[in-house]
Amino acid sequence: MTVLCGFLLLAKASGSEPQLSEGGQIYTKACAACHGPDGKGTAKAIAGFDQPNTFPDFSRCDQTTSEVNSAYAAVITYGGPYRGFSQIMPSFGKALTPKEINELVHYLRSFCTNSHWPRGELNLPRAVQTEKAYPEDEEVITAAVNARNAPGVENHIIHEQRFGMKNQLEVDVPLMFTHPEQNWYGGIGDVTIGWKRVLYSSLPKGSIFAVQGEVSAPTGNYNHGLGAGTTSFGVFGMYDQLFPTNTFFQLQGGAALPVDTTKAPQNVYGYATFGQTFAGDHGFGRAWSPMVEFLANRDLVNSAKTDWDLLPQMQVTLSKRQHVRGDIGVRVPVTDTAHRPIQIEFYLLWDWADGKLTEGW
Ligand code: HEC
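Going along each chain's sequence as written, the residues are numbered from 1 onward. It should be noted that, the model being predicted, local features are given only for residues of pLDDT at least 70 and side-chain atom pairs only at 80 or more, the latter also being counted only at that level, while totals for whole chains, interfaces and linings use all residues. Neither water nor hydrogens contribute to the side-chain values; these are computed over all heavy atoms in the structure.

Observations regarding the coordination of the iron atom of the ligand
For clarity, the threshold we go by: Only nitrogen, oxygen and sulfur atoms within 2.8 Å of the metal, or 3.2 Å for Na, K and Ca, are treated as donors, and water is left out, so sites may look incomplete. Here the metal geometry follows the donor angles, with tetrahedral for four donors whose angles all fall between 85 and 135 degrees, square planar for four and octahedral for six when opposite donors are more than 155 degrees apart and every other angle is between 65 and 115, and irregular for all the rest. Here a strand is any run of E in DSSP of at least two residues, a helix any run of H or I of at least four, and the numbering for each starts at the N terminus.
Around the iron atom of the ligand, the protein supplies His-35 (NE2) and Met-89 (SD) as donor atoms, at distances of 2.0 to 2.1 Å. One can describe the site at the iron atom of the ligand as octahedral: its six donor atoms subtend angles covering 89 to 179° at the metal. Pair noted here: His-35 is in helix H3 (residues 32-35) and Met-89 is in the loop between helix H6 (69-78) and helix H7 (98-109), with a separation of 54 residues, a long-range link.

A closer look at the nonpolar core
Here is the rule: To qualify as a nonpolar core, a set must consist of buried Ala, Val, Leu, Ile, Met, Phe, Trp, Tyr and Cys residues joined through side-chain atoms within 4.5 Å. Accessibility here uses a 1.4 Å probe with only protein chains present; expressed as a share of the type maximum, an area under 20% marks a residue as buried, one over 50% as exposed, and anything in between as partly exposed. By the convention used here, residues are in contact when the closest approach between their heavy atoms is within 4.5 Å.
Among the nonpolar cores identified, the biggest contains 19 residues, and Tyr-27, Ile-76, Leu-96, Leu-104, Leu-108 and Phe-111 are the most heavily contacted of them. Those elements giving two or more residues to this core turn out to be helix H2 (22-30), H6 and H7. Other than its neighbours up to four places away in sequence, Leu-108 contacts Tyr-27, Phe-58, Tyr-72 and Ile-76. Listed in part, the 17 residues of the second largest apolar core include Val-128, Ile-208, Ala-210 and Leu-295.

What to know about unusual backbone geometry
Of note, the phi angle at Ser-303 is positive, near 65°, even though the residue is not glycine. Along the chain, Ser-303 turns up in the loop between strand S11 (287-299) and strand S12 (307-317). Owing to a relative accessible area of 73%, Ser-303 belongs among the exposed residues under this scheme. Its identity as a non-glycine residue notwithstanding, Gln-322 has a phi of 65°, on the positive side.

Some points on the site of the ligand
Where we set the bar: The criterion for a residue being near a molecule or strand is simple. One of its heavy atoms has to lie within 4 Å of it. The term polar contact refers here to a pair of N or O atoms within 3.5 Å; inside protein, the definition further demands a hydrogen-donor-capable atom paired with an acceptor-capable atom, and it admits residues adjacent in sequence only when both atoms are side-chain atoms. Throughout this entry, Asp, Glu, Lys and Arg are counted as charged residues, while Ala, Val, Leu, Ile, Met, Phe, Trp, Tyr, Cys and Pro are counted as nonpolar. The remaining residues, Gly among them, count as polar.
As a structural note, the neighbourhood of the ligand is formed by 23 residues, with Cys-31, Cys-34, His-35, Thr-54 and Met-89 the closest of them. His-35 is positioned such that a nitrogen or oxygen atom in its side chain is 2.8 Å from a nitrogen atom of the ligand. Separating an oxygen atom of the ligand from a side-chain N or O atom of Thr-54 is a distance of 2.5 Å. Elements supplying a minimum of two residues to the shell around the ligand: helix H1 (2-13), H3, H6 and H7. Residues that form the shell around the ligand fall into these classes: 20 nonpolar, three polar and no charged.

Structural notes on the domain arrangement of the protein
For clarity, the threshold we go by: An automatic or database domain assignment is the source of the domain bounds shown. Accessible surface is computed with a 1.4 Å probe, and the buried area is the amount of it that two parts give up when combined, taken over both parts together. The working definition used for a salt bridge is a side-chain nitrogen of Lys or Arg within 4 Å of a carboxyl oxygen of Asp or Glu.
Entries for the protein in the domain assignment read domain 1 (2-109) and domain 2 (120-354). On a C-alpha basis, the centroid separation for the pair domain 1 and domain 2 is 37 Å. Between domain 1 and domain 2, the contact holds 16 residues from the first and 13 residues from the second. Between domain 1 and domain 2 lies a buried interface of about 1,200 Å² when both sides are counted; carbon and sulfur atoms form 42% of it. Summed over the shared surface of domain 1 and domain 2, the number is zero salt bridges. Counting across the domain 1 and domain 2 interface gives seven residue pairs in polar contact (both at pLDDT 80 or more). Split by residue class, the side of domain 1 that touches domain 2 holds seven nonpolar, seven polar and two charged.

Comments concerning the pattern of salt bridges
Applying the stated criterion across every chain, the model contains ten salt bridges. The partner of Arg-60 in a salt bridge is Asp-62, with the nearest N and O atoms 2.8 Å apart. Judged by its relative accessible area of 37%, Arg-60 falls in the partly exposed class. Its salt-bridge partner being Arg-340, residue Asp-309 comes within 2.9 Å of it at the nearest N-O pair. Of this pair, Asp-309 sits in strand S12 while Arg-340 is found in the loop between strand S13 (324-333) and strand S14 (343-351), placing the two residues 31 residues apart along the sequence. Just as Asp-309 is buried, Arg-340 falls in that class too.

Side note on the state of the cysteines
What we call a disulfide is simply a covalent bond connecting the sulfur atoms of a pair of cysteines. Let me state the cut-off plainly: Cysteine sulfur atoms are paired as a disulfide whenever they fall within 2.5 Å.
The final tally for this structure, using the stated rule, is one disulfide. Put simply, Cys-61 and Cys-112 are joined by a disulfide, and their sulfur atoms are 2.3 Å apart. Note on the Cys-61 and Cys-112 pair: the S-S dihedral is about 105°, so by sign convention the disulfide is right-handed. Placement of the pair is Cys-61 in helix H5 (residues 61-64) and Cys-112 in the loop between H7 and strand S1 (138-146), with a sequence separation of 51 residues. Owing to a relative accessible area of 10%, Cys-61 belongs among the buried residues under this scheme.

Structural data, given as structure tokens:
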């Protein structure tokens, strides 16, 4: 390590390449020995260390575009362990100014030459109900517990897997527990499989738009109220907007279209989430995102009214790498309050593209 640092200092003192940007010049001197001139990483024999499984190849857009600039800047400033990475990645916060580190991050971005990949900054904090537009690699476990009216618990195990630049598969397995009379009754609900596709994304504008189609199979027991008793199709759009202040909103609107409308009504809905992310340590540390969701649902039957709910909540990053997060909120009906429960809702999510569940703490 000492030898390597000496080499880096020597390299830093030698001449500069005029054709490179400032970030490029620093990279060549201070980073290329390990990360390679092309950003792909240097062979073990030269770099002298075993590459961790999370070692980045900066030319791989599929691996790097989901990472946010502030995460890169944090690792460069404080070193690998700051985000639960290997200590082989040194800290440069004393050697380089914040401006130089920004230039470096900018230079790292130039290794991915396809600008059509949606950028990770547009991966806004996940709300409890509103689906976000960004395609994810994620496992989520959610729970909604009735805090009023008949006791009931609804869990969802959600698997989200990204395919290529703009697509994502989603599988949602609900587990429901109801307490209609004397006893609890539990079981699997209606399993949903969905496909999301990003149609537009722009980091400079802070916007991303995606659509999703899905189908729910009647796997839940209809007689016990665990399922709709009919196959149902769903279609919705998602539009998310991030502002430079880390304020954001997320919109989702769509319809649920059961095949047998005698069993379940057709339904349209519109969700809106407003939130703000605060992160400690100059934006590098633990991120807290207070959000509030406005949820509107309406069954397409005669004389139906729109059900409105409010869902204030707080999401927080749990792991240093910020790939494990939790969220807790309260869903409060605003209309028809006598018949609909107040629910405590929470989830845990693990962004598995960022590392194993046990890594990054
Ligand atoms: C001594 C070798 C070494 C040097 C020098 C080095 N790095 Fe690293 N860097 C690593 C290793 C190893 C990792 C991977 C750590 C892990 O995955 O656990 C890493 C990880 C990173 C990451 C995190 C990527 C991610 O997936 O989040 C960034 C960003 C980074 N380096 C940028 C730089 C920059 C910029 C420089 C130059 C200023 C630099 N590194 C210099 C070895 C080095």
